[in-house]
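Structural features, examined
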Amino acid sequence: MMTGVSVGFGLLGLLLACVTTAPTDKNRDWDIYSFHINSTVTSRYATTIITSRVANRIDQSQEIEFHVKIPKNAFISKFKMTIEGQTYDGIVKQKEEAQQQYTQAVSRGQSAGIVSSVGRTLEEFKTSVTVAALSKVTFELTYEELLKRRLGKYELLIHARPMQPVADFKIDVYINERPGINFLDITGGLSTEALANAITKTHASSEAWVHFYPSKEQQSQCESCGEQGLNGDLVIAYDVHRKTSMGDLNEAKGYFVHHFAPSNLPRIPKNVVFIIDRSGSMHGRKMEQTREALLKILGDLAEDDHFGLITFDSSVSTWRKELLPANQDNLEAAKSFARHIHERGATDINAAVLEGTAMLNRHPQEGSASLLILLTDGDPTTGETNLEKIHENIKEAIGKKFPLYCLGFGMDVNFDFLEKMALENGGVGRRIYTDSDAALQLQGFYEEVATPLLTDVQMVYLGGANLTQTNFSQYYNGSEIVVAGQIPDNNIEMFTAEVIAISKSNRVMYSDTLPKKEPIEARSDSHIQRLWAYLTVKQLLDKEVQLSGTAKEKVKKEALDLCLKYGFVTPFTSMVVTKPQGEDSQVAHKPKEGEKRIQSSQVDYGSSLHFLNHQVHNYLDFNDPLRAHPTKTTMRTTTTTVSPLRRFLLPAEGQALPLCYDIPVALSLRLLIDPNNDLAMNGQLGQSPSAGYQKIVIHYRSDQHIELDTTGITFNDGQNTTYFFWSLKINHETDSVSLILRDKEMDVTIASTRVVIMLYKRNGIKFLWPVLRQRPTGDNIIGLMALPPVAYEEVQGITMKLKIQDKEVDVSRDSAVDLSVRSAPNVACWLMPLQSALLGGLADFTVTQL
């Protein structure tokens, strides 16, 4: 999961604190006599406490301001002011409730409250309080963040600018990682030669300490310092040992966290399409930086990668119609194309992304990972301009097959639109800032996704509950997958973690149990519990963006309840900062990405079988994804003497349109035969024209059988029979068979074969649909699901024909619903005779009994 941005671009694993304490009186009638930043990192979860102690040196009261910048990904969790021994705590409330209090103060002409704004990596927190003559105030702010691993390391970055030399200035960092700390480096503007003796570093196995204690004199003499004291960064980079591929599994007080980041895996060749906005708004420096970054990225492609280039304005242009291998000749030609990209016209995002999706769909390649990267600086202004319709079109076309990453150039781009489109399709949205380093920002993002190591990653936890995200489309080298959850009744003896994924064309599995010895706790409360809450809220915020109606409200309430329980300031909550009697309370809001500074007078409101039944094609009626994609195909009429037909899709090799063919209903079909592993799979089509399979049976060896119907699954391992309802979540494994049931999908792995059987419901009728995710090895595999992609050429004439294996076949352009993915997109296809599609008679694909 890649979220957030940072210095340079995409600097994941960043924890940044920028603190400025300054009064309105420029004559410094106050003194910061103590300034401490204390960061504790355990299991990559960082808690930072910033404490500033200020004295009013004059014999009259004055307002003292506390101004803090924190990372965008962090949540403020505590704030308090202590004046004359009295502590005033910030209180986290539902945003609407806090907003009402805030608005009432504004209407009375009182203080407008805390200013929140967003820069490239920071959000600001600012408050002030009146301090009596010759008195003192202590400000203390706490915020929390899960450090993200990027390019093989985590980075803790602390930026301090206290506005004056401070006699008692300290930065203390403590890192505690149970697997052991692999390396620890310190860089940044505050690690210069002039300040070298102010830094001490201690690294001992699983713990590390960094202290930065510059003298008052040093704070004025370093390269970036002056009369106002320190002004710079302290960057602490580290990584942990990974002794096992399974990663690091920790538990504390009924909660667990799993950090998964294997590195000893072969890279997966990637298929990547770059979609570049060349509309008029990209003129000047933006286009120059885009060309510069694209040339560097093309040079970094591996030879076994395949790539495509698309540019768009009001029209869409492709460098080549198909993906090409990244060999030297193709790269040189692509670079020449990139050098001549010039801005012009309007912005048709919908057509451009659909073309990129089609290009990837035309290039299915086993053992590779596909991704789309869109760069744009504007809103859609031509073609399809309805944002909801664009989201719907892109989601349907991609169908969860590969991620879409959306890069928004500049502050004028509709970032909410891009972020939602990316999240709906397994990617992330990033903003590219129009600074001198924009090209480096683009290159930095590409580096994060340049080396896929795993695809279709499934994290399974037996004995776990209330899990964060567990399915990930791809895992990239140098990154990390983090999953957290609860262990009911703290029953760690029954807890097992498993990871199932695809490495190139091979299925890999890892498993582990919780360690017997508990890790060292860095503090009395459970950091793992707070990590779980933080990660859950983060993912609920992303989910809420994608939903609408009651589903959106349900997710929002779930996130709000957690925020209030753990005291997180998020887009759903605000912190009311209480002050001494007679002073106005203030409200801290967490702003959205790209939100402008709020002025003090403003209020912030914040390849397998696919199916089509002609006669019911317009009645896709579920509370499931099919309903969201009704089609508008003219229904084919039949007589009582003709059986209703089912339509299946057959992938094409190197062509835009797949093939499709019709099969009569109520047949028992031979789906897959693998004689090398003694594996057979058969399916019974239903009687109703509006359903798929009513029963599917898998036979393995002579004694193991899996029978699936619309009520449940029966598994006989040769000795025992086990029955599962579709509503359950199951991970059942024997020496030779793996069954994973979740979200009404049964994932079956036997030997080198992996098939997913999905349960659908339409017009009140339930049916099954099988999808072959990993084809068995060998040349003698037969069955409908084993039909290979077909190579064909179009033959133009009075009637449309395709040339297949030197024979011309009459076809017509039609469509089919792709049930291999839950979104069930409607795809165009060449409809051909059954015998031509099967290269023989239907009898070769039917069985007398399942």
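Quick look at the structure, then. (Residues numbered from 1 in each chain as written. Predicted model: local features only at pLDDT ≥ 70, side-chain atom pairs only at ≥ 80, totals over all residues. Heavy atoms only, no water.)

1. Regarding the pattern of salt bridges
Scanning all chains against the criterion turns up 34 salt bridges. Here R44 and E480 are joined by a salt bridge, their closest N and O atoms 3.4 Å apart. Highlighted residues: R44 in the loop between β2 (30-42) and β3 (45-56) and E480 in the loop between β25 (471-476) and β26 (481-486), separated in sequence by 436 residues. Comparing R44 with E480, the two get one shared label, buried. The salt bridge partner of K801 is D810, with a shortest N-O separation of 2.5 Å. Given the relative accessible area of 23%, K801 is considered partly exposed. Through salt bridges with shared partners, a single network forms among R44, R149, E177, R178, D239, R242, D248 and E480. (Salt bridge = Lys/Arg side-chain N within 4 Å of Asp/Glu carboxyl O. Helix = DSSP H or I, 4+ residues; strand = E, 2+ residues; numbered from the N terminus. Buried < 20%, exposed > 50% of the residue type's maximum accessible area, 1.4 Å probe, protein only.)

2. Looking at the state of the cysteines
By definition, a disulfide links the sulfur atoms of two cysteines through a covalent bond. As enumerated under the stated definition, the model contains one disulfide in all. With a sulfur-sulfur separation of 2.2 Å, C660 is cross-linked through a disulfide to C829. On the sign convention where negative is left-handed, the bridge of C660 and C829, at about 75° about the S-S bond, is right-handed. Of this pair, C660 sits in strand β32 (residues 659-664) while C829 sits in strand β48 (residues 826-831), and the two are 169 residues apart along the sequence. What makes C660 buried here is its relative accessible area of 0%. Judged by relative accessible area, which is 0%, C829 ranks as buried. (Disulfide = S-S within 2.5 Å.)

3. A few points about the packing of aromatic side chains
Tallying each qualifying case throughout the model produces 26 aromatic pairs. Here the aromatic rings of F66 and F125 are separated by 6.5 Å at their centres, their planes lie at 75°, and the arrangement is edge-to-face. In this pair, F66 sits in strand β4 (residues 62-71) while F125 sits in strand β7 (residues 122-131), placing the two residues 59 residues apart along the sequence. Under the relative-accessibility criterion, F125 is labelled buried at 2%. Ring pairing ties together the aromatic residues Y45, F75, Y534, Y566 and F568, which thus form one cluster. (Phe/Tyr/Trp six-rings, centres within 6.5 Å; stacked < 30°, edge-to-face > 60°.)

4. So, the side chain of E544
You can see E544 is positioned in helix α9 (residues 527-546). The buried category is assigned to E544, whose relative accessible area is 13%.

Purely geometric numbers; function is a separate question.
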